[in-house]
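# Chain and residue survey
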Amino acid sequence: MLPLLDADLKQILPKLYEQEDFEQRIIYARFYSQSSNCEWFVLEYSSLQKLFFGIIDDGDTRLGYFTQEELELSEAIRDYEFKAEILKGCDYERVT
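First, a word on scope: everything that follows refers to the structure included in this document. (Residues numbered from 1 in each chain as written. Predicted model: local features only at pLDDT ≥ 70, side-chain atom pairs only at ≥ 80, totals over all residues. Heavy atoms only, no water.)

## Brief notes about the side chain of Q19
- Within the secondary structure, Q19 sits in the loop between α1 (7-12) and β1 (24-27).
- Of the residues examined, Q19 reaches a relative accessible area of 4% and is grouped as buried.
- With sequence-adjacent residues up to four places away left out, Q19 is seen in contact with P14, R25, I26, Y28, L43 and E44. (Helix = DSSP H or I, 4+ residues; strand = E, 2+ residues; numbered from the N terminus. Buried < 20%, exposed > 50% of the residue type's maximum accessible area, 1.4 Å probe, protein only. Contact = heavy atoms within 4.5 Å.)

Structure (structure tokens):
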């Protein structure tokens, strides 16, 4: 099984709050769980806390924090086909 977070992804992910003041933010990765029908889209990461910031879509789409442990407990899978996308504003609108 492929890792959720490999060295390449760790290297490119901005630290927490680095994209905070940007009008357009970049979504770097997507995780999903087949058992809970949930998706997580990663914008930022703290390696010290193993804490992500991004979009959580579990039927109620919102920006929020989630941990690597939460992903593992949810049996999340990383979508290795996902390409970085631009997120415009705070309305979760993806720009292609």
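## With respect to the nonpolar core
- The biggest cluster of nonpolar side chains holds 15 residues, and the ones touching the most others in it are L13, F31, W40, V42, F52, F66 and L71.
- Residue assignment for this core shows that the elements contributing at least two residues are β2 (29-33), β3 (38-46) and β4 (51-57).
- With four residues, the single largest contributor to this core is β3.
- Setting aside its immediate chain neighbours within four residues, F66 contacts W40, F41, V42, K50, L51, F52, F53, G54, I55, I56 and L71. (Core = buried A, V, L, I, M, F, W, Y, C linked by side-chain atoms within 4.5 Å.)

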